[in-house]
Amino acid sequence: MGENDKKISFNIALIGFMGTGKSTIAACMHTLYGMEVVEMDSLIEKREGMSIPEIFEKYGEEHFRNLETSLLIELQGKKNVVISCGGGTPLRKKNVSIMRKTGKVVLLTAKPESILERVGENHDRPLLEGNKNVSFIEEMLKKRKDRYEAAADLIVATDGRTKEEICDEIIEKVLELKR
Ligand code: S3P
């Protein structure tokens, strides 16, 4: 069986801090393994007809978090999908139990320095706006670390690795978990 023939009968939820590569890895999982991708942030933006910063500003973070939970509930019926979550999605226990019920949860990690580099100059992350520095990211990571790790079936480091290497590791390890 070739690499591309591996079939996944469950979902893979990619979680992790902003800038850990969830969207990049989800897209690569589509390219390498033909998995359908659901990009939670983009889908929410499309449906609401506004950007994430606009949703935060107009309706507040809690409202955005409720949209994430509703979307996860909706996705429960799917199979063979890579769900690229928002960085805050696994912070709600309810979200984690939904993700774990229908698939495997993979935590992507990166050093604060890499995160800073990857989030770059764009302004689409309200929680980092005005706080684009290593010490803020470090602090926020520290606050979230335990909850991220508790949610994860598998933890995959991304620093200094290609997206293909990361995808292959995810598939290999996730299939092992299912045994
Ligand atoms: C958030 C991460 C963002 C987005 C929102 C909140 C967070 O997603 O959902 O800005 O709380 O970490 P990305 O991780 O895709 O940037």
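Just so it is clear, the model here is predicted, and its values are computed rather than measured. (Residues numbered from 1 in each chain as written. Predicted model: local features only at pLDDT ≥ 70, side-chain atom pairs only at ≥ 80, totals over all residues. Heavy atoms only, no water.)

Here we take up the site of the ligand. Taken together, 13 residues surround the ligand, and among them Lys22, Asp41, Arg65, Arg125 and Arg144 come closest. Between an oxygen atom of the ligand and a side-chain N or O atom of aspartate 41, the distance comes to 2.7 Å. Residue glycine 87 places a main-chain N or O atom 2.9 Å away from an oxygen atom belonging to the ligand. Taking 390 Å² as the accessible area of the ligand by itself, protein coverage stands at 95%. Taking a 2 Å distance to the grid points as the criterion, the majority of the atoms of the ligand fall inside the largest pocket. Classifying every residue of the shell around the ligand gives 5 nonpolar, 3 polar and 5 charged. (Near = heavy atom within 4 Å. Polar contact = N/O pair within 3.5 Å; in protein donor to acceptor, adjacent residues only side chain to side chain. Areas by Shrake-Rupley, 256 points an atom, 1.4 Å probe, with all protein chains shown as cover. 1 Å grid on protein atoms, 1.4 Å probe; cavity = no way out; pocket = protein on both sides within 12 Å on 5 of 7 lines; lining within 4 Å. Sits in = over half its atoms within 2 Å of the grid points. Nonpolar A, V, L, I, M, F, W, Y, C, P; charged D, E, K, R; others polar.)

In this structure, Ile15, Phe17, Cys85, Met99 and Ile115 are the most contacted members of the largest nonpolar core, which totals 34 residues. Discounting chain neighbours no more than four positions away, the residues touching cysteine 85 are Ala13, Leu14, Ile15, Lys22, Met40 and Met99. Counting 20 residues, the second-largest nonpolar core is a separate cluster that includes Val82, Leu108, Leu154 and Ile166. (Core = buried A, V, L, I, M, F, W, Y, C linked by side-chain atoms within 4.5 Å. Buried < 20%, exposed > 50% of the residue type's maximum accessible area, 1.4 Å probe, protein only. Contact = heavy atoms within 4.5 Å.)

Space inside the largest pocket adds up to approximately 570 Å³. Residue lining of the largest pocket: 32 residues in total, with Met18, Gly19, Lys22, Asp41 and Arg125 positioned closest to the centre. Put simply, the parts of the chain that give the lining of the largest pocket at least two residues each are α1 (22-33), α2 (40-48), α3 (52-59), α4 (61-75) and α8 (163-178). Among the elements that take part in the lining of the largest pocket, α1 stands out by supplying 4 residues, more than any other. Considering only residue class, the lining of the largest pocket consists of 9 nonpolar, 11 polar and 12 charged. Considering only enclosed or pocket space, the second largest pocket measures out at about 160 Å³ in volume. Along the walls of the second largest pocket sit Phe17, Thr20, Leu107, Leu108, Thr109, Ala110, Ile115, Leu141, Lys145, Tyr148 and Glu149, which together make up its complete lining. Taken together, the elements giving at least two residues each to the lining of the second largest pocket come down to β4 (103-109) and α7 (134-151). Of the residues forming the lining of the second largest pocket, the biggest block, 4 residues, is contributed by α7. (Points joined across faces, edges and corners; volume = space filled by probe spheres on them. Helix = DSSP H or I, 4+ residues; strand = E, 2+ residues; numbered from the N terminus.)

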